[in-house]
Amino acid sequence: MKIDNAIALVTGANRGIGLAFTRELLARGARKVYAGARDPSSVTQPGVEAIRLDVTKPEEVAAAAARAGDVTLVINNAGVGHQGGFLASDSEEVTRRQFETNFFGMLRMSKAFAPVLAANGGGALLNVLSIVSWMNGGQLAAYAASKSAAWSLTNSLRHELAAQKTQVLALHMAFVDTDLVRAIDGPKTSPEEIVRRALDGLESGLDEVLADERTKLIKQGLTAPTPSYLPQNA
């Protein structure tokens, strides 16, 4: 789909990748951008329409779908992440919390807005995933599991929404320079670069965008003799 004249909704739009999406959408000529956030007052980007949207609350998702009935592009960006492995004492609570946003929140949004997109000609759904959709080193164990589930959800939605001509794009990337990985060492790509590549892929009709070189290598490594999700020998 084309961004020019599109009407978009971005979840988690007050900072990081979500904020970068709102800016780039406006720069590419989007007619309207709804910026969803738990606290609408935290949305400071000029030119957007801030709406209260906590994707873990079904009533707020339903209200957003009712208010934004003109949407042609939904960007499921809202996400939470916590460091730690599955054997930590609080791992069950931490895992549930991350799944509630990263998987069930994406599911709620997709269900609520599928009829809206259909009514407006099909449009597109862009799901922000991660390189850890395919690998889990234990440092972000529950986050990785939630992104794996969200990847599976995205693949299913692509089939389920094909009949209504809704494009479904999965966005994968390694570390991005946001609050989530601020304490983790390693190379990080700017949110602006990730977003530019994502929207280029969307406008090109792609189903999947691998937004940096490390992500491309990991995806390729899934078919290697020692898959990337297994411990690698030193």
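Here's a quick rundown of the structure. For clarity, every value in this text was computed on a predicted model and none was experimentally measured.

### Describing the pairing of strand β1 (residues 7-10)
Then, in step 1: Neither face of β1 is exposed, since I7 and L9 on one face and A8 and V10 on the opposite face are all buried.
Then, in step 2: For β1 and strand β2 (residues 32-37), the ladder comprises four bridges, and the chain directions are parallel. By the bridge assignment for β2, L9 is matched with Y34.
Then, in step 3: Crossover connection from β1 via helix α1 (residues 16-27) to parallel β2: handedness right-handed.
Then, in step 4: With three bridges connecting them, β1 and strand β4 (residues 73-76) associate as parallel partners. Note on β4: the bridge partner recorded for V10 is I75.

### Describing the packing of aromatic side chains
Then, in step 1: Evaluation of the coordinates by the stated rule reveals three aromatic pairs.
Then, in step 2: Between F103 and F104, the ring centres sit 5.0 Å apart and the planes meet at 80 degrees, which makes this aromatic pair edge-to-face.
Then, in step 3: Owing to a relative accessible area of 17%, F103 belongs among the buried residues under this scheme.
Then, in step 4: Judged by its relative accessible area of 36%, F104 is partly exposed.
Then, in step 5: Their ring planes at 80 degrees and their centres at 6.0 Å tell us that W134 and W151 sit as a pair that is edge-to-face. Residue W134 is located in the loop between β5 (124-128) and α4 (141-160), and its partner W151 is located in helix α4; the two are separated by 17 residues in the primary sequence.
Then, in step 6: For W134, a relative accessible area of 6% gives the class buried.

### Focus: the sheet that holds β2
Then, in step 1: Strand order in the open sheet formed by seven strands is β3-β2-β1-β4-β5-β6-β7, with parallel pairing between adjacent strands. Strands with a single pairing partner mark the edges of an open sheet, and in this sheet they are β3 (49-52) and β7 (208-210). On average, adjacent strands in this sheet sit at an angle of 20 degrees to one another, irrespective of strand direction.
Then, in step 2: As paired elements, β4 and β5 share four bridges and run parallel to each other. Along β5, the bridge assignment pairs I75 with L126.
Then, in step 3: Sheet contacts for helix α2 (residues 58-67): β2 and β3; angle to β3, the most-contacted strand, approximately 150 degrees.
Then, in step 4: Set on the sheet, α4 makes contact with β5, β6 (167-172) and β7; between it and β6 the angle comes to about 160 degrees.

### A short note on the layout of surface pockets
Then, in step 1: Quantified by volume, the second largest pocket comes out at close to 230 Å³.
Then, in step 2: Taken together, twelve residues form the lining of the second largest pocket, with V132, M135, G137, Q139 and F175 sitting closest to its centre.
Then, in step 3: By residue class, the composition of the lining of the second largest pocket is seven nonpolar, four polar and one charged.

Cut-offs used in this document
Residues numbered from 1 in each chain as written. Predicted model: local features only at pLDDT ≥ 70, side-chain atom pairs only at ≥ 80, totals over all residues. Heavy atoms only, no water. Buried < 20%, exposed > 50% of the residue type's maximum accessible area, 1.4 Å probe, protein only. Helix = DSSP H or I, 4+ residues; strand = E, 2+ residues; numbered from the N terminus. Pairing = 2+ DSSP bridges. Right-handed = clockwise from strand over helix to strand, strands pointing away. Phe/Tyr/Trp six-rings, centres within 6.5 Å; stacked < 30°, edge-to-face > 60°. Axes fitted to C-alpha atoms, helices over the stretch in contact; angles between N-to-C directions. Contact = heavy atoms within 4.5 Å. 1 Å grid on protein atoms, 1.4 Å probe; cavity = no way out; pocket = protein on both sides within 12 Å on 5 of 7 lines; lining within 4 Å. Points joined across faces, edges and corners; volume = space filled by probe spheres on them. Nonpolar A, V, L, I, M, F, W, Y, C, P; charged D, E, K, R; others polar.

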